[in-house]
Amino acid sequence: MAIPKVMGTEIEYGITVKGDPDFDPISSCVLLVNAYREDHAGEILWDYDQENPLADARGFQVDGEKYTPNQQENIARNKTLVNGARYYVDHAHPEYSCPEVTNVRDLVIHEKAGERILEASRREANALLPEGTQLLLYKNNSDRKGNSYGSHENYLMDRRTSFKQIVECLMPFFVTRQVFCGAGKVGSENRGHPCDYQLSQRADFFETEVALDTMVKRPIINTRDEPHADREKYRRLHVIQGDANLSEYTIYLRNGVTALVLAMIEDGAVDRDLSLRDPVRAIKETSHDSSCTQELQMDDGKRKTAVQIQAEYLEMALAWAGRQSLDPMQKDVLTKWEHAVEALGRDPMELSQQIDWVMKKALIESFMERKGLDWQSPQVEMLDLQYHDLRPDKGLYYLLERQGRAERIVTDEEILAAIHTPPPDTRAYFRGECLKKYGSAVFGVNWDSISFGVDGEPIKRILMAEPLKGTRAHVEELLESSPTAADLVKNLRA
Amino acid sequence: MRIRNDLQRPDRGELPIYGAADGEQKQAPKKGGGGEAEGSAGPKKMAKKGEKLKDEMDALVDEIDEVLEENAEEFVKNYVQRGGE
């Protein structure tokens, strides 16, 4: 029986300062992240003690230096938010890691809340910049000059499912899922074959099948084994293969379908061998074919299109679903996945209000036709970039949304509420509510811990190894009966 | 593009000719979406839909024109990021 798929996303945004030739990304990121103010306003550390990014899921520890900033730098670069998210500076990019959620609708809401939070801090930061300059943010994954930054998904998995089994069952799915969750890109880079337009922002950057790296020689399946939870019971599958999506529908399918397939793998329900001869090559071939008709070389000698491979996963999912009691949202994901696979098999352009890469392509083609432009023209490159612009009045995705050309999954009210409200049904609830209530007493935070500095006593660290504990149902009463952090610590000991 | 083909079909007068040739080929135009069942109302409806779609796309392009970053060439050239993750 598969375990609940607790999940979250970490999105790195592109950043630039228009009108500043000496723009420095790192100081701009620090300015941006610190421009965002919440009421609790304590100086809270990110607790690096609990981290181990060099553990490999294949069972070994990789050599390397663990990054640990000094206290002042730590506080300047890390913000933990009252909704349970982490908003911080990662290398030269602002990054938003949404709180843990139990379902894909909440995931869409919280990923979208992240866009609003970055846009709010962008406006605040701009007030501090010299006149004539403007800080801009992009929810994308590439500068189209060979530099890529990631958007990662995380899924809680059962430790009993072997990593080898995950890799085998997942690889063909990951190579081909871009047909319904690519964010689209004009041209190619990183020595990729030339093309006008491709499905994925990221496909050009994958150079190997399975590895620990994320910044060089990027793998399709990442082996980082850092569960941020009880490691005897859980894995956290750290997915680096996806694109940063704007379309709610696309985000919903990306995480919703992936969560279903992972549950199927835990249940042993991915029982067809769909191995590809050369996954690294196939992921690029799939991306470079916007007709979705290119056949990929399978390991058994047959050839199948990416859509046919997705259709096989879908068939296995429908058979598996018949033996489960899926909740209504999981059933809805299945229905939408089926719709997408069928439409992609007929004509991908049917999904011009649902799937990012198709939405962007339709928009660019309308513009090109009217203006007599070709794929190489700078305006077309500009459209590609501006699709991802976070300014509501400038971003082309938001323009489509305003015009009713983007099918929505959630409401603006839900997104706005999530800026200040943690999900009620994971440990993010405890994290967020503690920040709201005891902000000045919180010393440090990590995904699986929160520590308090109370009345000059030694720091008290509360461990949260179970992502599904610390929910509203579990701790609301405890929080209500603890007016101060000292009371909370005392009550937890009792 | 597909819509335009459908609109053109009746004007080209190919339907009756196909129909006269033999029974088997009679099915062919149906596949294209311009079947006999739709009769003369079909193309008009399609033309209206096509016009509406074109108007909508024109409105979209106009809006994009208004918000598109100026000096596109320089802007995209200057958009350089450090690798991340």
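Described below are features of the structure shown in this document. Note that this is a predicted model, so its numbers are computed, not measured. (Residues numbered from 1 in each chain as written. Chains lettered and ligands numbered in written order. Predicted model: local features only at pLDDT ≥ 70, side-chain atom pairs only at ≥ 80, totals over all residues.)

1. As for the overall build of chain B
Point 1. Check the secondary structure of chain B and you find 5 helices and 0 strands.
Point 2. When each of the 85 residues of chain B is scored for burial, the buried share is 9%. (Helix = DSSP H or I, 4+ residues; strand = E, 2+ residues; numbered from the N terminus. Buried ≥ 20, exposed ≤ 12 C-beta atoms within 10 Å, placed from the backbone.)

2. Let's talk about the packing of helix H1 (residues 25–35) of chain A against helix H3 (residues 104–126) of chain A
All names here are of chain A.
Point 1. Following both chains from N to C, one finds H1 and H3 inclined at 110 degrees, their axes separated by 8 Å at the closest point. Classified by the interaxial angle, the pair formed by H1 and H3 is roughly perpendicular. Here Leu31, Leu32, Val33 and Ala35 of H1 come into contact with H3, specifically with Ser121, Arg122, Glu124 and Ala125.
Point 2. Here the residues of the contact of H1 with H3 are counted per class, giving 5 nonpolar, 1 polar and 2 charged. (Axes fitted to C-alpha atoms, helices over the stretch in contact; angles between N-to-C directions. Parallel < 35°, antiparallel > 145°, perpendicular 65-115°, else oblique. Contact = placed C-beta atoms within 7 Å. Nonpolar A, V, L, I, M, F, W, Y, C, P; charged D, E, K, R; others polar.)

3. Some details on the sheet that holds strand E8 (residues 93–97) of chain A
All names here are of chain A.
Point 1. Strand order across the open sheet formed by 6 strands is E6-E7-E8-E1-E10-E15, with antiparallel pairing between neighbours. The sheet is open, and its two borders are formed by strand E6 (78–80) and strand E15 (234–239), each paired with just one other strand. Strand-to-strand twist of the sheet, defined as the mean angle between neighbouring strand axes without regard to direction, takes the value 20 degrees.
Point 2. Bridge count for strand E1 (residues 7–12) against strand E10 (residues 151–158) is 5 bridges, and the pairing is antiparallel. Along E10, the bridge assignment pairs Gly8 with Asn154.
Point 3. Along the sheet face, helix H6 (residues 248–266) touches E1, E10 and E15 and points at about 30 degrees away from the line of E10. (Pairing = 2+ DSSP bridges.)

4. Regarding the interface of chain A and chain B
Point 1. Across the boundary between the two partners, chain A contributes 31 residues, which contact 19 residues of chain B.
Point 2. Every element with two or more residues in the side of chain A that touches chain B is listed here: strand E2 (14–18), helix H10 (356–371), helix H11 (378–386) and helix H12 (396–402) of chain A.
Point 3. When residues of the side of chain A that touches chain B are assigned to their parent elements, the largest contribution, 6 residues, is made by H11(A).
Point 4. Of the residues contributing to the side of chain A that touches chain B, the split by class is 11 nonpolar, 12 polar and 8 charged.

5. Quick look at the environment of B:Pro43
Residue and element names in this part refer to chain B.
Point 1. Residue placement: Pro43 occurs in helix H4 (residues 41–67).
Point 2. Judged by the 18 C-beta atoms lying within 10 Å of it, Pro43 falls in the partly exposed class.
Point 3. Residues Pro43 and Lys77 lie 34 residues apart in sequence; the distance between their C-alpha atoms is 47 Å.

6. Let's talk about the packing of H3(A) against H6(A)
All names here are of chain A.
Point 1. Contact geometry for H3 and H6: axes closest at 9 Å, N-to-C directions at 135 degrees. By the criterion of interaxial angle, the relationship of H3 to H6 is oblique. When you trace H3 past H6, the crossing you get is right-handed. Of H6, the residues touching H3 (which contributes Val104, Leu107, Val108, Glu111 and Lys112) are Glu248, Ile251, Tyr252, Asn255, Gly256 and Ala259.
Point 2. Of the residues assigned to the contact of H3 with H6, the class counts are 6 nonpolar, 2 polar and 3 charged. (Left-handed = near helix turned anticlockwise from the far one by under 90°.)

7. A word on H6(A)
All names here are of chain A.
Point 1. Helix length check: H6, at 19 residues, gives a terminal C-alpha distance of 27 Å against a target of 27 Å (1.5 Å per residue), a fit within 8%.
Point 2. With respect to burial, H6 is a largely interior element, 18 of its 19 residues being buried.
Point 3. Phi for Gly268, located one or two positions after H6, is positive at around 70 degrees. (Expected span 1.5 Å × (residues − 1).)

8. Describing unusual backbone geometry
Point 1. If you check the backbone angles, A:Cys292 has positive phi at about 60 degrees while not being a glycine.
Point 2. Tracing the backbone shows A:Cys292 in the loop between helix H7 (279–287) and strand E16 (295–297).
Point 3. Unusually for a residue other than glycine, B:Asn71 sits at a positive phi of about 50 degrees.
Point 4. Summarising the element assignment, B:Asn71 is placed in the loop between H4 and helix H5 (72–78).
Point 5. According to the C-beta neighbour criterion, B:Asn71 is exposed, with 12 such atoms within 10 Å.

9. Describing the sheet that holds strand E19 (residues 449–452) of chain A
All names here are of chain A.
Point 1. Taken in spatial order, the 4 strands make up an open sheet running E3-E18-E19-E20, and their pairing is mixed. Strands with a single pairing partner mark the edges of an open sheet, and in this sheet they are strand E3 (45–46) and strand E20 (460–463).
Point 2. Where E19 and E20 come together, 4 bridges link them in antiparallel fashion. Counted as the bridge partner of Ser451 is Arg461 from E20.
Point 3. Relative to the sheet, helix H14 (residues 428–438) contacts strand E18 (442–446) and E19, its axis offset from that of E18 by approximately 165 degrees.

10. Regarding the environment of A:Gly242
All names here are of chain A.
Point 1. Note on placement: Gly242 falls in the loop between E15 and H6.
Point 2. Sequence-wise, Gly242 and Ile409 are 167 residues apart; in three dimensions their C-alpha atoms are separated by 20 Å.
Point 3. Each residue touching Gly242, except ones within four places of it in the same chain, is listed here: Ser151, Glu153, Cys181 and Arg254.

11. What to know about the pairing of E10(A)
Residue and element names in this part refer to chain A.
Point 1. The buried fraction of E10 is high, at 6 of 8 residues.
Point 2. Two strands pair when backbone bridges link them, and E10 and E15 are joined in this way by 6 bridges, in the antiparallel orientation. What sits directly across from Glu153, in E15, is Val239.

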